[in-house]
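The lines below spell out each chain.
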Amino acid sequence: MTTAELSGLPALAARVADTGGSPIRDILAVTARPEFINFAGGLPAPEFFDADGVAAAYDAVLTGADARRALQYSTTEGEPALRAALAGRTSARGLPTSADDLLVTTGSQQALSLLATALLEPGDTVLVERPCYLAALQVFGFAGARVVGVPCDEHGIDPDALDALVAEHRPKLLYTVPTFQNPTGRTLPAERRAAVAEVAARRGLWIVEDDPYGELRFEGTRLPWIATYEGARDRTVLLGSFSKVMAPGMRLGWLRAPRDLRRACTVAKQAADLHTPTVNQLAAARYLATVDLDAHVAHVAEQYGARRDAMLAGLPGALPEGSAWNRPEGGMFLWASLPQDGAYDTTALLGKAVEEKVAYVPGAPFYAGGGDPTTLRLCFVTQAPEEITEGLRRLGRALRNE
Ligand SMILES: Cc1ncc(COP(=O)(O)O)c(C=O)c1O
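Residues numbered from 1 in each chain as written. Predicted model: local features only at pLDDT ≥ 70, side-chain atom pairs only at ≥ 80, totals over all residues. Heavy atoms only, no water.

## Side note on the overall build of the protein chain
Here is step 1: Along the backbone of the protein chain there are 15 helices and 15 strands.
Here is step 2: With respect to the principal axes defined by its C-alpha atoms, the protein chain has extents near 60 × 60 × 50 Å.
Here is step 3: Counting every position in the protein chain, which comprises 402 residues, the buried fraction comes to 53%.
Here is step 4: Look at the contacts in the protein chain between residues 6 or more apart in sequence, and 74% of them connect residues 24 or more apart.
Here is step 5: Counting only carbon and sulfur atoms, one obtains 54% of the accessible surface of the protein chain, whose full area is about 17200 Å².
Here is step 6: Where the 39 positive side-chain charges of the protein chain centre and where its 48 negative ones centre are 3 Å apart. (Helix = DSSP H or I, 4+ residues; strand = E, 2+ residues; numbered from the N terminus. Buried < 20%, exposed > 50% of the residue type's maximum accessible area, 1.4 Å probe, protein only. Contact = heavy atoms within 4.5 Å. Areas by Shrake-Rupley, 256 points an atom, 1.4 Å probe, with all protein chains shown as cover. Lys, Arg positive; Asp, Glu negative; His and termini not counted. Charge placed at Lys NZ, Arg CZ, Asp CG, Glu CD.)

Dropping the structure here:
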């Protein structure tokens, strides 16, 4: 019996009634303690936040001519100075964009919720990658969508499988993180981006292209957004975020969408939070006008690359013979699978890892409808290289059951 039932109160909505009960969540809650080496959380390394630069931007905003405006309500669409700066950055990356094409959101997570409100009826089908970002699965689940996973390989979505699934399920949208995906770290090659755009145009489908990690490249060359391809232009919603390149605590994201959908998202945002905090938007605009964010991000990416290398160096000694993992060219995550001989289930093994004071996220929950129990996600950016090495020693002991 729930507390509500005991006290005679009406029950919680069915969509939230079963949240909070995940055993993984309970185990991972203890891993935030300082004695843990935590490869589980998806947190950017705080030592690389430009705290001085961000503080100076807030200071300038709160002591300058705009101070009163910074503390005031503002428009739902977002602060013009920030939208203009974001439009400039998006255009410079090959997607011509004006300030009016953008809606500022409270993190890109909010953009996902707004899109679900604006696009999805209960029972609508949404296609996602296998595996998929967990909180996106949650948003689509809350919206009552039927979530179907698209077969993927080490490069991401298989366009032929996508085509067949669209024909079979008539989904409303495809949600994808094409660059340094969460959870796998993989990147969709350019030819597949073109093929995904072509399928969406031919079959009639929205694409939600979520790109919080693309700037964090430490190797290889940047790939065009799916949104830049001919057939995809009028049907792709591009999501961006400052969480991984500036500071997640500022909760600043944005969406670029065709007019009618953007307007619907704006109305949904009015109902959600009226607008994203004015002071944060003005501080970010000030930061962009006064600091070279790209130079800062290049420095952070270089450090993250060294951390990825530390993880790649330690994995052969930590994971059992027959395991496999990828080598992401950027982002924050790496994806591994343990031998498929039936002996390894990463959900069952997490308790052992926690006993050794190291944590990862088991892969199975990232799959809509269940998936490979031997997989795991490792975040390589939050710890310094020597901690990563020690964390992998601990993981090795846990997996060998020493
Ligand atoms: C793929 C993906 N999309 C969206 C988000 C949400 O980010 P934000 O902090 O911008 O809300 C995350 C956060 O980890 C993510 O991994």
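Having seen it, we continue.
## Re the site of the ligand
Here is step 1: Near the ligand there are 14 residues, and of these Ser108, Asp210, Tyr213, Ser241 and Ser243 occur at the shortest range.
Here is step 2: Between an oxygen atom of the ligand and a main-chain N or O atom of Ser108, the distance comes to 2.7 Å.
Here is step 3: Take Asp210: an N or O atom from its side chain is 2.6 Å from a nitrogen atom of the ligand.
Here is step 4: Summarising the interface, the protein chains cover 91% of the accessible area of the ligand, which totals 400 Å² for the free molecule.
Here is step 5: Counting residues per element, the shell around the ligand draws most heavily on helix H7 (residues 107–119), which supplies 3 residues.
Here is step 6: In the shell around the ligand, the residues fall into 5 nonpolar, 6 polar and 3 charged. (Near = heavy atom within 4 Å. Polar contact = N/O pair within 3.5 Å; in protein donor to acceptor, adjacent residues only side chain to side chain. Nonpolar A, V, L, I, M, F, W, Y, C, P; charged D, E, K, R; others polar.)

## Describing the packing of helix H13 (residues 293–318) against helix H15 (residues 385–400)
Here is step 1: Running from amino to carboxyl end, H13 crosses H15 at an angle of 25 degrees, the nearest separation of the two axes being 9 Å. If you check the angle between H13 and H15, you find them roughly parallel. In the crossing of H13 with H15, the sense of the turn from one axis to the other is right-handed. For the pair formed by H13 and H15, the contact residues are Arg307, Ala310, Met311, Gly314, Leu315, Gly317 and Ala318 on the first element and Pro385, Ile388, Leu392, Leu395, Gly396, Leu399 and Arg400 on the second.
Here is step 2: Grouping the amino acids of the contact of H13 with H15 by side-chain chemistry returns 9 nonpolar, 3 polar and 2 charged. (Axes fitted to C-alpha atoms, helices over the stretch in contact; angles between N-to-C directions. Parallel < 35°, antiparallel > 145°, perpendicular 65-115°, else oblique. Left-handed = near helix turned anticlockwise from the far one by under 90°.)

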